[in-house]
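Residue strings, one per chain:
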Amino acid sequence: EAAVTQSPRSKVAVTGGKVTLSCHQTNNHDYMYWYRQDTGHGLRLIHYSYVADSTEKGDIPDGYKASRPSQENFSLILELASLSQTAVYFCASSELGGHTEVFFGKGTRLTVV
Amino acid sequence: GDSVTQTEGQVTVSESKSLIINCTYSATSIGYPNLFWYVRYPGEGLQLLLKVITAGQKGSSRGFEATYNKEATSFHLQKASVQESDSAVYYCALRATGGNNKLTFGQGTVLSVIP
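Conventions and cut-offs
- Residues numbered from 1 in each chain as written.
- Chains lettered and ligands numbered in written order.
- Predicted model: local features only at pLDDT ≥ 70, side-chain atom pairs only at ≥ 80, totals over all residues.
- Heavy atoms only, no water.
- Helix = DSSP H or I, 4+ residues; strand = E, 2+ residues; numbered from the N terminus.
- Contact = heavy atoms within 4.5 Å.
- Buried area = accessible area lost by both parts, 1.4 Å probe.
- Salt bridge = Lys/Arg side-chain N within 4 Å of Asp/Glu carboxyl O.
- Polar contact = N/O pair within 3.5 Å; in protein donor to acceptor, adjacent residues only side chain to side chain.
- Buried < 20%, exposed > 50% of the residue type's maximum accessible area, 1.4 Å probe, protein only.
- Patch = residues over 30% accessible without salt bridge, like charges linked within 9 Å, V, L, I, M, F, W, Y side chains within 5 Å.
- Areas by Shrake-Rupley, 256 points an atom, 1.4 Å probe, with all protein chains shown as cover.
- 1 Å grid on protein atoms, 1.4 Å probe; cavity = no way out; pocket = protein on both sides within 12 Å on 5 of 7 lines; lining within 4 Å.
- Points joined across faces, edges and corners; volume = space filled by probe spheres on them.
- Nonpolar A, V, L, I, M, F, W, Y, C, P; charged D, E, K, R; others polar.

Engineer: Can you help me understand unusual backbone geometry in this one?
Structural biologist: Trans peptide bonds make up the majority, and among non-glycine residues the majority have a negative phi. That bond from S7 of chain A to P8 of chain A is cis: its omega, -10°, falls within 30 degrees of zero. Assignment of secondary structure puts P8 of chain A in the loop between strand 1 (4-7) and strand 2 (10-13). Even without being glycine, T73 of chain B reaches a positive phi, approximately 45°. Relative to the assigned elements, T73 of chain B resides in the loop between strand 8 (64-67) and strand 9 (77-79).

Below, the structure written as structure tokens:
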């Protein structure tokens, strides 16, 4: 079965600190995504990647970096965490094609204090 | 850009009653978008509930159904008789037929089914 695994599942970070969220997929998918969800809002796209060693900006990339060292792994990096980045983060993967299913991880709850 | 609107943030329904969750969309890309409903159960990630990629068609899964209405730009989710196990967060989403392959989500609707 297709699988997307995120780590950690929850994290408390201090303002100004560096945070790395990791994602691993065993789907052999080319596309990977990072979304964030805030209470009362839908998921919004931060960064995505369609090939290893390349990342693209999504709709809300400010304050985030992404890294895709291999097809299976995709990280989200907050160099200087801020209170406004407290949210739930979802990683996902898919094949190319607007009709294909997107598979999601269980999410990482990040609290910046 | 593309957008999806779910007007109900929270819906409470008694078990065995009918359900409708409203979804409307706006797509700026050429061609008709693909439409999806995702569901998130407590402690789980989002999972696909159903999808429709052809305007005018209906998708169904687990007793839920949704019809792709391109004239009204709507994709409402319905179920004739809900169960307590249907309690979850439901997201309407669209995906353009070209571009960066991304999903655009509505804000989600929390469904609580009362036994």
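Text resumes after the structure shown.
Engineer: Help me out: how do you make sense of the interface of chain A and chain B in this one?
Structural biologist: One frequently used descriptor of interface size is the decrease in accessible area upon assembly of the parts. Between chain A and chain B, the contact holds 26 residues from the first and 21 residues from the second. Of the roughly 1,900 Å² buried where chain A meets chain B, counting both sides, 48% is carbon and sulfur surface. Counting the contacts that link chain A with chain B gives two salt bridges. Here D59 of chain A ties to K102 of chain B by a salt bridge, and the two come within 2.5 Å at their closest N and O atoms. For the interface between chain A and chain B, the tally reads eight residue pairs in polar contact (both at pLDDT 80 or more). Ranked by residues supplied to the side of chain A that touches chain B, first place goes to strand 4 (residues 31-37) of chain A with four residues.

Engineer: Teacher, can you tell me more about the environment of T73 of chain B here?
Structural biologist: Residues and elements named next belong to chain B. The exposure class of T73 is partly exposed, given its relative accessible area of 30%. It is 7.0 Å that separates the C-alpha atoms of T73 and S26, two residues lying 47 residues apart in sequence. Other than its neighbours up to four places away in sequence, T73 contacts C23, T24 and Y25.

Engineer: Looking at this structure, how should I read a nonpolar patch on the surface?
Structural biologist: Residue and element names in this part refer to chain A. Taken together, V12, V14 and V113 make up a surface patch of nonpolar side chains, about 290 Å² in accessible area. Relative to the elements of secondary structure, V14 occurs in the loop between strand 2 and strand 3 (19-25). Residue classification places V14 among the exposed residues on the basis of a relative accessible area of 55%.

Engineer: Help me understand the layout of surface pockets in this model?
Structural biologist: Taking a probe equal in size to a water molecule and rolling it over the atoms shows the remaining empty space. Computed from the structure, the second largest pocket encloses a volume of approximately 260 Å³. What lines the second largest pocket is a set of 16 residues, among which Q37, D38, T39 and G40 of chain A together with Y91 of chain B lie closest to the centre. Among the elements of the structure, strand 9 (87-94) of chain A together with strand 10 (88-95) of chain B are those that each provide at least two residues to the lining of the second largest pocket. Among the residues forming the lining of the second largest pocket, the class breakdown is five nonpolar, eight polar and three charged.

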